[in-house]
Amino acid sequence: MIIILNSATTEQIDKILFKISQSGLEPHYVEHYGKQIITANGNTKNCSIAEYKKYAGVESVFQVSSSYKLASREFKQSKSIVNVRDVAFGGADIPVIAGPCAIEGYDQLKETASAVKNAGAVMLRGGAYKPRTSPYSFQGLEEEGLAILQAVSKELDIPTVSEVTDPRKVELVAEHVDMLQIGARNMQNFVLLKEVAKTNMPILLKRGASATIEEWLMAAEYIMADGNSNVILCERGIRTFEPITRNTLDLSAVPLVQYLSHLPVIVDPSHGTGIWRLVSPMAKAAMAAGADGLILEVHTCPEEAASDGPQSLTPYKFSLLMKELKSISSALKS
Ligand code: PEP
Ligand code: MN
């Protein structure tokens, strides 16, 4: 159950919270979209909506059938737009984020960033903390990588996203980037989710490789329950029985999540396939499926990339893809 309040006083709010806990439910107060909200969590079947409507300060009361409340369409019917500086996710335009898997040095990042920006990318990606499967693989340039990312972002005037893997590093990463990325491996790292929520910055929440749609939306709920509504979801492929591709890109997640939630959903065909040949076709398919954006890995020399070379597009292939995406985008709008 969700209770929307209108300029309720602390005393009025406390009365409602007390009533909810007395009924054996878990109350939670949060503010979103300029509204005061209380969620009552648990089995609310026998709750009387009319009874809660009588409380002073209450504007409306309604039941939400899903386990995620604030992330649900039942709570908010209109699609949410999440802004990262001047880039809007969830609106009419389909922003493309591009850049290397990992920041390897200033020259590499500057060259890649200039190329992707010239081709039409509106945000730059680059990992400074790399969650690698093997502890012996390149782990990222860490703080030095963040400084490079920030410098290139300023020089080219392009907003950035980078992954944060450790709750103790959230403040540091937040000082250097415009959007924080929660990687697939950390989708259910609840301590990390609570920590990034506090920044109130835009959060790119990747789907866990073995996460159901409901688990993914519940992870978004963690961020929203702590008052941060700036969540962008990212489908990046799930683990199936198929070993040729790195993951199986679940494009049906795009329209499904857009039906279940008001949050924008973007697609990562690079991690979703692991094979550069499949990246452009799946990027185009994602756009046709209604994705609210794309995130793609680009490397000036994929054979020499410190990570994820096999799934990285060269700047040239990326520029060809951007032209094709433009045609698809106009076809979709016409
Ligand atoms: C990444 O985007 O660099 C990354 C590691 O992705 P994922 O968390 O989806 O594997
Ligand atoms: Mn990668």
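Since the structure is predicted, the reported quantities are computational estimates derived from the model, not experimental observations.

**Digging into the packing of aromatic side chains**
Working step 1: Applying the stated criterion to the full structure yields three aromatic pairs.
Working step 2: Considering the side-chain rings of Tyr33 and Phe75, the 6.5 Å spacing of their centres and the 40° angle between planes classify their relative orientation as tilted. Of this pair, Tyr33 sits in the loop between strand S2 (26-32) and strand S3 (35-41) while Phe75 sits in the loop between strand S4 (58-62) and strand S5 (82-84), placing them 42 residues apart in sequence.
Working step 3: Overall, Phe75 belongs to the buried group, its relative accessible area being 11%.
Working step 4: Considering the side-chain rings of Phe190 and Tyr222, the 4.2 Å spacing of their centres and the 20° angle between planes classify their relative orientation as stacked. One end of the pair, Phe190, is in helix H6 (residues 190-199); the other, Tyr222, is in helix H7 (residues 213-225), with 32 residues separating them in the sequence.
Working step 5: Its relative accessible area of 31% is what places Tyr222 among the partly exposed residues.
Working step 6: Positioned above the aromatic ring of Tyr33 is the side chain of Lys76, whose terminal nitrogen or guanidinium carbon lies 4.9 Å from the ring centre.
Working step 7: Over the face of the ring belonging to Trp276 we find Lys317, whose NZ or CZ atom lies 4.0 Å from the ring centre.

**Concerning the site of ligand 1**
Working step 1: Arg125, Lys130, Glu163, Gln181, Gly183, Ala184, Arg185, Lys206, Arg236, His271 and Glu297 make up every residue found near ligand 1.
Working step 2: Note that an oxygen atom of ligand 1 is positioned 2.8 Å from one of the side-chain N or O atoms of Arg125.
Working step 3: Within the side chain of Lys206, a nitrogen or oxygen atom sits 2.9 Å from an oxygen atom of ligand 1.
Working step 4: In the complex, 97% of the free accessible area of ligand 1, which totals 290 Å², lies under the protein chains.
Working step 5: Per-class residue counts for the shell around ligand 1 are one nonpolar, three polar and seven charged.

**Some points on the sheet that holds S4**
In sheet architecture, strand pairing relies on hydrogen bonds along the backbone and comes in two forms, parallel and antiparallel.
Working step 1: Taken in spatial order, the four strands make up an open sheet running S2-S3-S1-S4, and their pairing is antiparallel. Looking at which strands have only one partner, the edges of the open sheet turn out to be S2 and S4. The mean inter-strand angle of the sheet, taken between neighbouring strand axes irrespective of direction, is 20°.
Working step 2: Pairing between S2 and S3: seven bridges, direction antiparallel.

**A short note on the pattern of salt bridges**
Working step 1: On inspection of all chains with the given rule, the structure shows 16 salt bridges.
Working step 2: The salt bridge partner of Arg207 is Glu235, with a shortest N-O separation of 2.8 Å. Taken together, the positions of Arg207 in the loop between strand S11 (203-206) and H7 and Glu235 in strand S12 (residues 231-235) put the pair 28 residues apart, joining distant regions of the chain.
Working step 3: The exposure class of Arg207 is buried, given its relative accessible area of 4%.
Working step 4: The shortest N-O distance in the salt bridge between Asp250 and Arg207 comes to 2.9 Å. Separated by 43 residues along the polypeptide, Asp250 in the loop between S12 and helix H8 (253-260) and Arg207 in the loop between S11 and H7 bring together distant segments of the chain. Like Asp250, the residue Arg207 is buried in the burial classification.
Working step 5: Residues participating in the shared-partner salt-bridge network are Arg85, Asp157 and Asp178.

Calculation notes
Residues numbered from 1 in each chain as written. Chains lettered and ligands numbered in written order. Predicted model: local features only at pLDDT ≥ 70, side-chain atom pairs only at ≥ 80, totals over all residues. Heavy atoms only, no water. Phe/Tyr/Trp six-rings, centres within 6.5 Å; stacked < 30°, edge-to-face > 60°. Helix = DSSP H or I, 4+ residues; strand = E, 2+ residues; numbered from the N terminus. Buried < 20%, exposed > 50% of the residue type's maximum accessible area, 1.4 Å probe, protein only. Lys NZ or Arg CZ within 6 Å of the ring centre and 35° of its normal. Near = heavy atom within 4 Å. Polar contact = N/O pair within 3.5 Å; in protein donor to acceptor, adjacent residues only side chain to side chain. Areas by Shrake-Rupley, 256 points an atom, 1.4 Å probe, with all protein chains shown as cover. Nonpolar A, V, L, I, M, F, W, Y, C, P; charged D, E, K, R; others polar. Pairing = 2+ DSSP bridges. Axes fitted to C-alpha atoms, helices over the stretch in contact; angles between N-to-C directions. Salt bridge = Lys/Arg side-chain N within 4 Å of Asp/Glu carboxyl O.

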